[in-house]
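Chain by chain, the residues run as shown.
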Amino acid sequence: MTPQGRPAFWIGGAVLLAVLPWIPGLQSDFGRSLLSQMGIAAVFALSYNLLLGQTGLLSFGHAVYFGLGGYAAIHLLRAVNAGLPIPLPLVPLAGAVGGLAFGIVLGALTTRRAGTIFALISLGVGELVHATSLMLPSFFGGEEGVTASRTKAPAFFGLDFGSQVEVYYVIAAWLFVAALLMYAFMRTPVGRLCNAVRDNPERVEFIGYNPQRVRFIAFSVAAAFAGLAGGLHAINYEIVAAEAVSDTRSGAVLLMVYIGGVGHFIGAILGAVAITWLQVSLSDYTTAWLLYLGLLFMGIVVYVPGGLAGLLMMHLAALRARAMAPIARSYLLAAAPALALTLGAVTLIEIAYRRSTQPEAGALMKLFWIPMDTATPWPWLGAASLALAGYALLRVVGPRVAEAWRRAGEEIHARG
Amino acid sequence: MAETIAVAEPRSAPAAGPAVPCALELTDVHKSFGATPIIRGVSLAIARGERHAIIGPNGAGKSTLFNLVSGRIAPTRGSIRLDGEEIAGKRAFRIARRGLARSFQVTNIFPRLTVHENIRCGVLWSLGYRYDFLRRVDRLRDANEAADRTLEQIRLTARRDTPAGVLTYAEQRALEIGITVAGGAKLILLDEPTAGMSRHETENAVELIRSVTHDRTLVMVEHDMGVVFDLADRISVLVYGQVIATDVPARIHDDEAVRSAYLGDSDA
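For clarity, every value in this text was computed on a predicted model and none was experimentally measured.

Caption draft 1: Quick peek at the interface of chain B and chain A. At the junction of the two partners, chain B supplies 36 residues and chain A supplies 26 residues. Between chain B and chain A, the buried area comes to about 2800 Å², and carbon and sulfur atoms account for 58% of it. When the buried area of chain B at its contact with chain A is split by residue, F110(B), R112(B) and Y131(B) rank highest and sum to 24% of it. A salt bridge links E117(B) to R192(A); the nearest nitrogen and oxygen atoms lie 2.7 Å apart.

Shown next as structure tokens:
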């Protein structure tokens, strides 16, 4: 049974969501804002997983529904600011309604085809909506976007949502509800048919279902939840701008679901958490963070097709079969070369980035607490040899890890 | 080797009176791909409850004929009637909803769904669930029980919760038939159900086909003459896009035109 199939998963999840903002390190406004962003990203990524992971629809324009939902919510929030008596926690629903409406209209056109054609159409629709958002400033607010205030709303049980933690709880509550609803959707007849369409759309026709209709339903539902995420974005930032419908955001959600693990329910959540954390934290440490994100994406796609969730499941299965010890030993063996390769490669990337993007900062820099003069060949040579040595050793040790997993697989199979 | 085949006595097909339309009736059906004619005027009437085999050399158009009847492709012209209703050119899912189900020559299943889920997908529409998104599929008793009954019939109960993609070839072939028959279709089309099977597997498959098509109309394309003469009430011989003979197995077996066109040249 998958983890999300157990009640404990949902109870544990609710408790975790409740206590997270009080954990040391996350208690600051920064920490709570990070958690809020992760929650929004998780709703968005789960909605994308409905498309890509469950129905097999690769979309390059899912941010369209996130952004349009966001605009719907921010306009509702402006109306609330002007006196409409709707409490703030319900405002994100306008995002879901907006996402659903646009999902139905645009989905009717785009889901007639699947595969590459669908992917290309989604890319076109994404560009179209992004361009439109810049051309119609009365609704989209142009480059600056549309702003509203979440504190100028009717009081909700005495809360005015001035503090980040109050907004966090609104987001967390919606995340919980949205995740539960999306999980429930996958277990309905039409949800299972989404999987069938993903696996073999042609066969679906011969058991009486129109695969286009199934895709359309999945697309509309995914758009509604993307819109809900956009609505949460609107109340969190109190602004929605053209960036919300952009291809950058569409690409980010694709990365989240791939890195988290396509088709895994918890994968979308893990990916959303990991990518949001990288976006917020790694960018503080290095200007090359997008490069690292790209390398991580490539590494996952090539070496770990199941993503973070796939890795997690593998290890849990090995643990349950008590086959983890040899694997752990092989990991210990591989740890040093992997660390050497990483340190060497990161050093090369960092000094190259520094030299090319900030030449005015001079040749002297400090990396991993080591001062180095990048005008001399020594840091380059040192880093390159470290990376090469690590790589060479990994080539030797890597097969041992693979062998340990192969044996563990037999063990698991024998027990399962 | 055709002489060595034990010819089954024709099963008495229910007499189709004038008021009862045929289960399947093709009238002058043509299909061309570009300028190339593949089906050149096929007419065929299959009675309710009949088990009908279509045989013929490679490239005769047998699979194309199945694709036309099941709505995978549309005929260039001609009429195809299912229980008296015109279905030529209709989309596959509309034809399936009227009670026609087919299997495929190349296994065509849902590899990442479990065996049970594969079968269950095949029964949902016929039980009226349509595009239901308000009920839990695991709680649909009728659908789950129907799927389990079919699993029992195709002897895959032990593999119930296995992803279909990891089944053996013979198991996948059985699942293919299971998905096809699970929805209770009145007319079953099986496209080479025993292709690629060992003798032993073929024997099991014949028993399986016999039991799951009980009380239904069966049309099958098959290369194994043992299977054909064992199962079929009547046989049609398709050669170069035309039916050159339709008759009971004994007479097909002795038909000179058939022997020279097909049986005589083959090692069947």
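Caption draft 2: Up close: the packing of helix α2 (residues 29-55) of chain A against helix α10 (residues 211-237) of chain A. All names here are of chain A. As a packed pair, α2 and α10 sit with axes 9 Å apart at the nearest point and diverge in direction by 170°. Accordingly, the angle class assigned to the pair α2 and α10 is roughly antiparallel. Considered class by class, the residues forming the contact of α2 with α10 number 15 nonpolar, six polar and one charged.

Caption draft 3: Local environment of a positive patch on the surface. On the surface, R213(A), K90(B), R91(B), R94(B) and R130(B) cluster together into a patch of positive charge. Among the secondary structure elements, R213(A) is positioned in helix α10. Under the relative-accessibility criterion, R213(A) is labelled partly exposed at 44%.

Caption draft 4: Region of interest: the sheet that holds strand β8 (residues 217-221) of chain B. Residue and element names in this part refer to chain B. Pairing in this open sheet of six strands is mixed, and the strands run β6-β7-β8-β3-β9-β10 from one edge to the other. Looking at which strands have only one partner, the edges of the open sheet turn out to be β6 (100-102) and β10 (242-247). Within the sheet, the average angular offset between the axes of one strand and its neighbour, ignoring direction, is 15°. Pairing of strand β7 (residues 187-191) with β8, which is carried by five bridges, proceeds in the parallel orientation. Bridging from a neighbouring strand, L187 pairs with T217 of β8. In the packing of helix α1 (residues 62-70) onto the sheet, contacts are made with β3 (51-55), β6, β7, β8 and β9 (234-239), and the angle to β7 comes to roughly 150°. The strands touched by helix α5 (residues 169-182) are β6 and β7; relative to β7, the strand with the most contacts, the crossing angle is about 160°.

Caption draft 5: Region of interest: the side chain of S59(A). Here S59(A) lies in the loop between α2 and α3 (63-81). S59(A) has contacts with Y48(A), L51(A), F118(A) and S122(A), leaving out every residue within four places of it along the chain.

Caption draft 6: Local environment of the sheet that holds strand β2 (residues 36-46) of chain B. Residues and elements named next belong to chain B. Pairing is antiparallel across the open sheet formed by four strands, whose spatial order is β2-β1-β4-β5. Both outer strands of the open sheet, β2 and β5 (85-86), are each paired with one neighbouring strand and no more. When strand β1 (residues 24-33) meets β2, the two strands line up antiparallel, connected through eight bridges. If you follow K31 over to β2, its bridge partner there is I39. Running at roughly 115° to β1, α1 makes contact with β1, β2 and β4 (77-82) of the sheet.

Caption draft 7: Geometry of the pairing of β8(B). All names here are of chain B. When you tally the buried positions in β8, you get five out of five residues, the bulk of the element. Of the two faces of β8, the one lined by T217, V219 and V221 and the one lined by L218 and M220 are each fully buried. A crossover connection joins β7 to the parallel β8 through helix α6 (residues 199-212); in handedness this β-α-β unit is right-handed.

Caption draft 8: The packing of aromatic side chains, seen in detail. A full pass over the atoms with the stated rule returns 19 aromatic pairs over all chains. With 5.6 Å between their ring centres and 40° between their planes, W10(A) and Y183(A) make a pair best called tilted. Taken together, the positions of W10(A) in helix α1 (residues 7-19) and Y183(A) in helix α7 (residues 164-186) put the pair 173 residues apart, joining distant regions of the chain. This pair shows no difference in class: W10(A) is buried, exactly as Y183(A) is. On the basis of an interplanar angle of 85° and a centroid distance of 5.0 Å, the ring pair of Y209(A) and W125(B) is categorised as edge-to-face.

Caption draft 9: Broad picture of a nonpolar patch on the surface. All names here are of chain A. Residues L339, L343, F368, W369, I370 and L386 make up a contiguous nonpolar surface patch of roughly 650 Å² in combined accessible area. Here I370 is to be found in strand β4 (residues 370-373). Among the residues examined, I370 registers a relative accessible area of 48% and is labelled partly exposed.

Caption draft 10: Molecular detail of the nonpolar core. Counting residues in hydrophobic clusters, the biggest one holds 147 residues, and the most contacted among them are L175(B) and I235(B). Ranked by size, the runner-up nonpolar core spans 23 residues in total, among them L24(B), I39(B), A60(B) and L82(B).

Caption draft 11: How the structure looks around the pattern of salt bridges. For the structure on display, the rule yields 25 salt bridges over all chains. Where E50(B) meets R234(B), a salt bridge forms, and the shortest distance between an N and an O atom there is 2.7 Å. Of this pair, E50(B) sits in the loop between β2 and β3 while R234(B) sits in strand β9, and the two are 184 residues apart along the sequence. Look at E50(B) and you get buried, because its relative accessible area is 2%. With a closest N to O distance of 3.2 Å, R159(B) and E171(B) form a salt bridge. Placement of R159(B) in the loop between α4 (141-153) and α5 and of E171(B) in helix α5 is noted, with a sequence separation of twelve residues between them. The class of R159(B) is partly exposed, set by a relative accessible area of 26%. Three or more residues are tied together by salt bridges with common partners; here these are E403(A), R406(A), R407(A) and E410(A).

Quick notes on the rules
Residues numbered from 1 in each chain as written. Chains lettered and ligands numbered in written order. Predicted model: local features only at pLDDT ≥ 70, side-chain atom pairs only at ≥ 80, totals over all residues. Heavy atoms only, no water. Contact = heavy atoms within 4.5 Å. Buried area = accessible area lost by both parts, 1.4 Å probe. Salt bridge = Lys/Arg side-chain N within 4 Å of Asp/Glu carboxyl O. Axes fitted to C-alpha atoms, helices over the stretch in contact; angles between N-to-C directions. Helix = DSSP H or I, 4+ residues; strand = E, 2+ residues; numbered from the N terminus. Parallel < 35°, antiparallel > 145°, perpendicular 65-115°, else oblique. Nonpolar A, V, L, I, M, F, W, Y, C, P; charged D, E, K, R; others polar. Patch = residues over 30% accessible without salt bridge, like charges linked within 9 Å, V, L, I, M, F, W, Y side chains within 5 Å. Areas by Shrake-Rupley, 256 points an atom, 1.4 Å probe, with all protein chains shown as cover. Lys, Arg positive; Asp, Glu negative; His and termini not counted. Charge placed at Lys NZ, Arg CZ, Asp CG, Glu CD. Buried < 20%, exposed > 50% of the residue type's maximum accessible area, 1.4 Å probe, protein only. Pairing = 2+ DSSP bridges. Right-handed = clockwise from strand over helix to strand, strands pointing away. Phe/Tyr/Trp six-rings, centres within 6.5 Å; stacked < 30°, edge-to-face > 60°. Core = buried A, V, L, I, M, F, W, Y, C linked by side-chain atoms within 4.5 Å.

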